[in-house]
Amino acid sequence: VVVMTSTPVASEFFRNKYEREARKNWDVFYKRHGENFFKDRHWLAREWPEVFSRAEPSSTAPDLSHERMEFRRGPAPAYVTDDLTPRVFLEIGCGAGNTVFPLLELDAAATVYCCDFSARAVDLVKKRAATLPECDRSRVKAFVCDATCEALLDNVPAKSVDVATLIFALSAMSKPKMEYALRNLSTVMRDDQRGAICVRDYAAGDLAQERFDGKDAQKLSENFYVRSDGTRAYYFTHEDLTKLFSDQGMEMREMFVHERTITNRGQALDMNRRWVQASFASAKTSAETFEPPPPEKNVSPWATSS
């Protein structure tokens, strides 16, 4: 059971300010950290073996230092790989490419589209891709895009994507903008539930959320917070995530909540890290068009918190 304390919510002015400045704040993040902040995610095939079954057997031992909690199986049919046609992958919120380049290794024939709303992040991907052999370099299609308000169809063919990955991407968006991002995604996913969407993100009750609670002006809404650098983080319950996708016609295949307890022996403290991991099927009928949200409104800094 996750129980969070009551924390004052930032005013509408600051909530809108962080929304408007989200792209700039992530650009500054990548200017400061470059490609060195996150490690490459070589665990994709281990965590979604049914999706990445083309991968060579990994010599990496399974990570048994955390336990899987609250396992749920959804109504969506199992994902089936079409071995006759090269697959198309799409990474939303690609950052410096820490998922993109492992995806290249997992499927030697796949094309990997990837986007981020930070131009600096996309430049890092392109710079790294330029060091690859030509046959791999041409498989990386990186582009700048805010998936919450800019059409993916401008860069990705309609109904072409077999597998989409969102790794700690949705949590950087406000709840209403997540809905727009998933509708946008639906326009490029294969229909008839043939596509797979792989998600890993923060779970409610994570240590970082507990630390946010009690700090003035860092809570933006329920389970949504702003860090000191202006980037934001949403902490999902399984109900949140399931409804978010089902509202777009994307049924759940399976979902786990992972929990790892880290013990600080010096302070005799147990610290819980929690994240949610899930796979969803693409919609039976893909969205045909994407209508972006209205522009953010300007609010006086003297407006009261709501």
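Structure's up top.
Residues numbered from 1 in each chain as written. Predicted model: local features only at pLDDT ≥ 70, side-chain atom pairs only at ≥ 80, totals over all residues. Heavy atoms only, no water.

Thoughts on the packing of aromatic side chains
Counted by the stated rule, this structure contains 14 aromatic pairs. Consider the rings of Phe 13 and Phe 14, whose centres lie 5.0 Å apart with planes at 80 degrees: the pair is edge-to-face. By relative accessible area, which is 36% here, Phe 14 ends up partly exposed. On the numbers, 5.9 Å between centres and 70 degrees between planes, the contact of Tyr 225 with Tyr 235 is edge-to-face. Here Tyr 225 is found in strand S8 (residues 224–226), whereas its partner Tyr 235 is found in the loop between strand S9 (232–234) and helix H9 (238–246), with 10 residues between them in sequence. Judged by relative accessible area, which is 1%, Tyr 225 ranks as buried. (Phe/Tyr/Trp six-rings, centres within 6.5 Å; stacked < 30°, edge-to-face > 60°. Buried < 20%, exposed > 50% of the residue type's maximum accessible area, 1.4 Å probe, protein only. Helix = DSSP H or I, 4+ residues; strand = E, 2+ residues; numbered from the N terminus.)

Details of the nonpolar core
Ranked by internal contacts, the top residues of the largest apolar core, which has 42 residues, are Leu 170, Leu 185, Ile 197, Leu 241, Phe 245 and Phe 280. At four residues, helix H7 (residues 175–186) tops the list of elements feeding residues into this core. Ignoring sequence-local partners within four residues, the contact set of Ile 197 consists of Ala 164, Leu 166, Leu 185, Met 189, Phe 245, Met 250, Ala 278, Ser 279, Phe 280, Ala 281 and Ser 282. Trp 43, Phe 52, Leu 104 and Ala 196 belong to the second largest nonpolar core, which has 26 residues in total. (Core = buried A, V, L, I, M, F, W, Y, C linked by side-chain atoms within 4.5 Å. Contact = heavy atoms within 4.5 Å.)

Considerations on the pattern of salt bridges
Here the structure, examined in full by the defined rule, presents 21 salt bridges. For Arg 87, the salt bridge is made with Asp 107, and the minimal N-O distance between the two is 3.2 Å. Taken together, the residues Arg 87 in the loop between strand S1 (67–73) and strand S2 (88–92) and Asp 107 in the loop between helix H4 (100–106) and strand S3 (111–116) connect sequence positions 20 residues apart. The exposure class of Arg 87 is buried, given its relative accessible area of 2%. Look at Asp 107 and you get buried, because its relative accessible area is 3%. (Salt bridge = Lys/Arg side-chain N within 4 Å of Asp/Glu carboxyl O.)

Side note on the environment of Cys 135
In this fold, Cys 135 is placed in helix H6 (residues 134–137). Through-space distance from the C-alpha of Cys 135 to that of Ala 108 is 9.4 Å; in sequence the pair is 27 residues apart.

So, the layout of surface pockets
Roughly 380 Å³ of internal volume is contained in the second largest pocket. Asn 16, Glu 19, Ser 174, Pro 176 and Glu 296 are, among the 18 residues lining the second largest pocket, the residues nearest its centre. Among the secondary structure elements, those contributing two or more residues to the lining of the second largest pocket are helix H1 (12–20), H7 and strand S7 (219–221). Partitioned by chemical class, the residues of the lining of the second largest pocket number seven nonpolar, three polar and eight charged. (1 Å grid on protein atoms, 1.4 Å probe; cavity = no way out; pocket = protein on both sides within 12 Å on 5 of 7 lines; lining within 4 Å. Points joined across faces, edges and corners; volume = space filled by probe spheres on them. Nonpolar A, V, L, I, M, F, W, Y, C, P; charged D, E, K, R; others polar.)

Everything listed here is a matter of coordinates, which is why it stays silent on function.
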